[in-house]
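# Fold and contact review
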Amino acid sequence: MNVYSDRIKNLKPSIIREIFKFTADPTVIPFAAGNPSPEVFPTAQLARIAADIFAEDPITALQYSVSEGYPKLRDWLKADMEAKEQFRPGDDDLIITAGAQQVMELATKVICNEGETIICESPSFIGSLNTFRSYNAKLIGVEMDDDGMRPERLDAALTANPRTAFIYTIPNFQNPTGKTMSLQRRKEILSVAYKHNVLILEDNPYGDLRFSGVDLPSIKSLDKKGKVIYAGSFSKTISPGLRVGYMIAPANIVQRSIAALQCSTVHTNIFAQMLVERFVTSREYSGYLENLRQVYKRKRDLMLGTLKFAFPTSVGFTEPEGGLFIWGTLPYGDGVEFARKAVSHKVAIVPGNAFSVDENEKTLCFRMTYATPSDEQIERGAELLAKCYLANVT
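What counts, and at which threshold
- Residues numbered from 1 in each chain as written.
- Predicted model: local features only at pLDDT ≥ 70, side-chain atom pairs only at ≥ 80, totals over all residues.
- Heavy atoms only, no water.
- Salt bridge = Lys/Arg side-chain N within 4 Å of Asp/Glu carboxyl O.
- Helix = DSSP H or I, 4+ residues; strand = E, 2+ residues; numbered from the N terminus.
- Contact = heavy atoms within 4.5 Å.
- Polar contact = N/O pair within 3.5 Å; in protein donor to acceptor, adjacent residues only side chain to side chain.
- Pairing = 2+ DSSP bridges.
- Axes fitted to C-alpha atoms, helices over the stretch in contact; angles between N-to-C directions.
- Buried < 20%, exposed > 50% of the residue type's maximum accessible area, 1.4 Å probe, protein only.
- Right-handed = clockwise from strand over helix to strand, strands pointing away.
- Core = buried A, V, L, I, M, F, W, Y, C linked by side-chain atoms within 4.5 Å.
- Phe/Tyr/Trp six-rings, centres within 6.5 Å; stacked < 30°, edge-to-face > 60°.
- Expected span 1.5 Å × (residues − 1).
- Arc of directions from axis to C-beta.

## Some details on the pattern of salt bridges
Under the counting rule described, the total for this entry stands at 28 salt bridges. Shared partners join several salt bridges into a network, and the residues in it are Glu-39, Arg-298, Lys-299 and Asp-375.

See the structure below:
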């Protein structure tokens, strides 16, 4: 007897989570996972806030709450997002979720019928791709250039796939490539979505981590027709373990999402929401964010500098203006085989095919993070990775 549903039986575990098994070895340098740096967690601030909550308002933290989310956090987010033109009062609503990942799951559950198409950047975030796969969506990847998803390719994909549920994009410091979609490209992508009357799911977990360049308006802020669902998160700015994210979308989509959420988590962890609300409304938060950006800028500069010194110029690396990731491209060979050999040299990286719509696709690319490893590990890991590459050049 088949004990698995058709949706799940062919779903594979995340390659990144599988690579975690190698990083359990303390001698393996962790360039693979997209975890925030351990040195930046606001442990002292959260410990103090937690003590205050249990001294002042323990029942609210421990009792059931409303599915929409902790009211004080929702109010702060609405005001903050309205100031950034990412929330339109009267049209939009907001729900607190268990990280941005739950936004992907809710949006797919609410909008996408089985067999319908979801169009993604190619490559794209594996966690979202697996969510889409779990609902038996048809995935179509659209090629990117340095400015983001190519609008003419998107237009062709939508023409060829009229049963498209939504377009999925990560405009800022994209996972896995680290690329940022230009302002002109954001406008063009939105125009194509309008032309085909298709929703956009804009995933922005890294937007507050810009450490160079100029802030760009979100696609959501450019939308005047209610076609953009926005996913935000505190996972990369405060703590991924707290699992606090949020969806902003037209009110009818949010209301359906609330009903869907009640079938699974009932509501997001209220204590975690209270921690986040008290921290983001504190006087410390802006300074904390600025320090976070400077830490990541220093680590990015260190990794890029060491990589460029150690590798031949034929190996390319993106230069992100924020976020957590650098994308490497080999001149020839196989990214999967390179990742396997890298582990034998005590460095864990993620092969590019992990982020492809077609997981069997050959790739020259690989993803690295500068966030998780220490400075010493960044320097040593980049040197070991270059030795691994040079030892296998034929």
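That was the structure; now back to the text.
## Quick notes on the environment of Ser-233
Within the fold, Ser-233 resides in strand S8 (residues 228–233). Taking the C-alpha atoms as reference points, Ser-233 and Asp-208, 25 residues apart in sequence, are found 9.8 Å from one another. Apart from residues lying up to four places away in sequence, Ser-233 is in contact with Ala-100, Pro-205, Val-244, Gly-245 and Tyr-246. Of note is the side chain of Ser-233, whose polar atom sits 2.9 Å from the backbone nitrogen of Ser-235.

## Here's the deal with the sheet that holds strand S7 (residues 199–203)
Reading across from one edge, S2-S9-S8-S7-S6-S3-S4-S5 is the order of the 8 strands in this open sheet, with mixed pairing throughout. Single-partner strands in this sheet number two, and they are strand S2 (92–97) and strand S5 (148–149). Sheet topology places S7 next to S8; 4 bridges connect them, and they run parallel. Each residue of the ladder has a partner; that of Ile-200, found in S8, is Val-228. Contacts between helix H4 (residues 71–83) and the sheet are confined to S2, S8 and strand S9 (245–250), with S2 contributing the most and set at about 130° to the helix. Strands strand S3 (117–122), strand S4 (138–145), S5 and strand S6 (164–169) of the sheet are contacted by helix H7 (residues 151–160), whose axis makes an angle of about 160° with S4.

## Some points on the pairing of S6
Across the 6 residues of S6, 6 count as buried, placing the element largely inside the fold. Bridge analysis of S3 against S6 gives 4 bridges, and the strand direction is parallel. Following the sheet pairing, Thr-117 is matched in S6 by Thr-164. Pairing of S6 with S7 involves 4 bridges; the strand directions are parallel. The partner of Thr-169 across the bridge, within S7, is Glu-202. One crossover worth recording links S6 to the parallel S7 by way of helix H8 (residues 183–196), and it is right-handed.

## Quick notes on helix H11 (residues 270–280)
Where burial is concerned, most of H11 is hidden: 9 out of the 11 residues are buried. Where H11 is buried, its residues touch helix H2 (43–56), helix H3 (58–62), H4, S2 and helix H12 (285–310).

## What about the sheet that holds strand S11 (residues 325–329)?
Strand order across the open sheet formed by 4 strands is S10-S11-S14-S13, with antiparallel pairing between neighbours. Among the strands making up the open sheet, the edge pair consists of strand S10 (316–317) and strand S13 (350–351). Bridge count for S11 against strand S14 (residues 365–369) is 5 bridges, and the pairing is antiparallel. Bridge pairing in S14 places Phe-325 opposite Thr-369. Across the sheet, H12 is in contact with S10, S11 and S14; its angle to S14 comes to roughly 140°.

## Considerations on the pairing of S8
Counted residue by residue, S8 has 6 buried out of 6 residues, so it is predominantly covered. Both faces of S8 are covered, namely the face carrying Val-228, Tyr-230 and Gly-232 and the face carrying Ile-229, Ala-231 and Ser-233. Both S8 and S9 contribute to a ladder of 4 bridges, which runs antiparallel. If you follow Ala-231 over to S9, its bridge partner there is Met-247.

## Thoughts on the nonpolar core
Nonpolar side chains in soluble globular proteins tend to be buried together. Judged by nonpolar contacts, the single largest core of 94 residues is most densely connected at Phe-234, Ile-349, Met-368 and Leu-385. Per-element tally for this core: the top contributor is H12, with 9 residues. Counting residues in each nonpolar core, the second largest holds 16 residues, with Leu-158, Met-181, Val-192 and Val-198 among its members.

## Brief notes about the packing of aromatic side chains
Going through the model one piece at a time under the given rule, you end up with 15 aromatic pairs. Between Tyr-206 and Phe-325 the ring centres are 5.9 Å apart and the planes differ by 85°, which places this aromatic pair in the edge-to-face class. One end of the pair, Tyr-206, is in the loop between S7 and helix H9 (219–222); the other, Phe-325, is in strand S11, and 119 residues separate them in sequence. The pair Tyr-206 / Phe-325 is uniform in exposure class, with both members buried. A ring pair is formed by Phe-311 and Tyr-389, whose centres lie 5.8 Å apart and whose planes are at 40°; its orientation type is tilted. Of this pair, Phe-311 sits in the loop between H12 and S10 while Tyr-389 sits in helix H14 (residues 375–391), and the two are 78 residues apart along the sequence. Note on accessibility: Phe-311 and Tyr-389 belong to one class, buried.

## Some points on H4
It helps to recall that an α-helix has 3.6 residues per turn; residues three or four apart then point in one direction. In this model, H4 (13 residues) spans 18 Å end to end at C-alpha, consistent with the 18 Å of a helix rising 1.5 Å per residue. Residues Leu-73, Arg-74, Leu-77 and Met-81 constitute the buried set of H4. Taken down its axis, H4 places every buried residue within 95° of arc, on the same side. Structural note: H4 exposes Lys-72, Asp-75 and Ala-83 on the side pointing more than 90 degrees away from its buried face. Contacts from the buried residues of H4 go to S2, S8, S9 and H11.

## Brief notes about the side chain of Thr-237
Along the chain, Thr-237 turns up in the loop between S8 and S9. Judged by its relative accessible area of 4%, Thr-237 falls in the buried class. Filtering out sequence-adjacent residues up to four positions away, Thr-237 remains in contact with Asp-208, Leu-209, Tyr-285, Tyr-288, Leu-289 and Leu-292.

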